[in-house]
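Structural overview for review
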Amino acid sequence: LSSERQRVQEEKNQLEEERRKLEQEKKRKEAEEQSQALEQEKSRLKAEREKLEAERLAMASRPKQESVTTGGASYTDTVTGMEFVKLPNGVYMGKYVVTNAQYRKFKPSHDSKDYKGNS
């Protein structure tokens, strides 16, 4: 009877060891998946930063122009790409409607939802 108890206890110990190893492996895999997801997000953000920087540089190189409609100065914002014209009263106003892409540059969390395939 005591040898049977000893054998059962050894089996319990083995099962507990296997359970511990499986739990460690599960945690390792989860950590690895999180690390991979983080690296992908870093890569995506780096590409987005590079794209935005290229857009800023392209916009910054555009010369200021005289506005045909108001006779005043106009300029293009280097961050959003929005064109502004100076009104006779000295106030600058956007030349065109603000696009979602331009607004997201101002507020990255902006989401106007999909509407007929457009966002």
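Residues numbered from 1 in each chain as written. Predicted model: local features only at pLDDT ≥ 70, side-chain atom pairs only at ≥ 80, totals over all residues. Heavy atoms only, no water.

**What about the overall build of the chain?**
Helix and strand content of the chain: 2 helices and 4 strands. Seen in sequence order, the chain has helices and strands lined up from the N terminus as α-β-β-β-β-α. Split into buried and exposed, the 119 residues of the chain put 8% on the buried side. Partitioning the intrachain contacts of the chain with sequence separation of at least 6 by distance along the chain shows that 7% fall at a separation of at least 24. (Helix = DSSP H or I, 4+ residues; strand = E, 2+ residues; numbered from the N terminus. Buried < 20%, exposed > 50% of the residue type's maximum accessible area, 1.4 Å probe, protein only. Contact = heavy atoms within 4.5 Å.)

**Some remarks on the environment of Glu53**
Mapping Glu53 onto the fold places it in helix α1 (residues 2-60). Here the alpha-carbon distance between Glu53 and Val79, two residues 26 residues apart in the chain, equals 8.9 Å.

**Thoughts on a nonpolar patch on the surface**
A cluster of nonpolar side chains, Val98, Tyr103 and Phe106, forms an exposed patch at the surface whose accessible area comes to about 300 Å². Assignment of secondary structure puts Val98 in the loop between β4 (92-94) and α2 (100-106). (Patch = residues over 30% accessible without salt bridge, like charges linked within 9 Å, V, L, I, M, F, W, Y side chains within 5 Å. Areas by Shrake-Rupley, 256 points an atom, 1.4 Å probe, with all protein chains shown as cover. Salt bridge = Lys/Arg side-chain N within 4 Å of Asp/Glu carboxyl O.)

**Some words on the packing of aromatic side chains**
Under the definition given, this model contains 2 aromatic pairs. Ring geometry for Tyr75 and Phe84: centres 5.2 Å apart, planes at 20 degrees, overall stacked. Using a relative accessible area of 28% as the deciding quantity, one classes Tyr75 as partly exposed. Of the residues examined, Phe84 reaches a relative accessible area of 17% and is grouped as buried. Centroid distance Tyr75 to Tyr92: 5.2 Å. Interplanar angle 70 degrees. Geometry classified as edge-to-face. Of this pair, Tyr75 sits in strand β2 (residues 73-76) while Tyr92 sits in strand β4, and the two are 17 residues apart along the sequence. An aromatic cluster is defined as three or more aromatic residues linked by ring pairs; in this entry it consists of Tyr75, Phe84 and Tyr92. (Phe/Tyr/Trp six-rings, centres within 6.5 Å; stacked < 30°, edge-to-face > 60°.)

**So, the pairing of strand β3 (residues 83-86)**
For β2 and β3, the ladder comprises 3 bridges, and the chain directions are antiparallel. Each residue of the ladder has a partner; that of Thr76, found in β3, is Glu83. Between β2 and β3, which pair antiparallel in sequence order, lie 6 residues; one of them, Gly81, sits at a positive phi of approximately 80 degrees. Between the antiparallel neighbours β3 and β4 lie 5 residues, among them Gly90 with a positive phi of about 90 degrees. (Pairing = 2+ DSSP bridges.)

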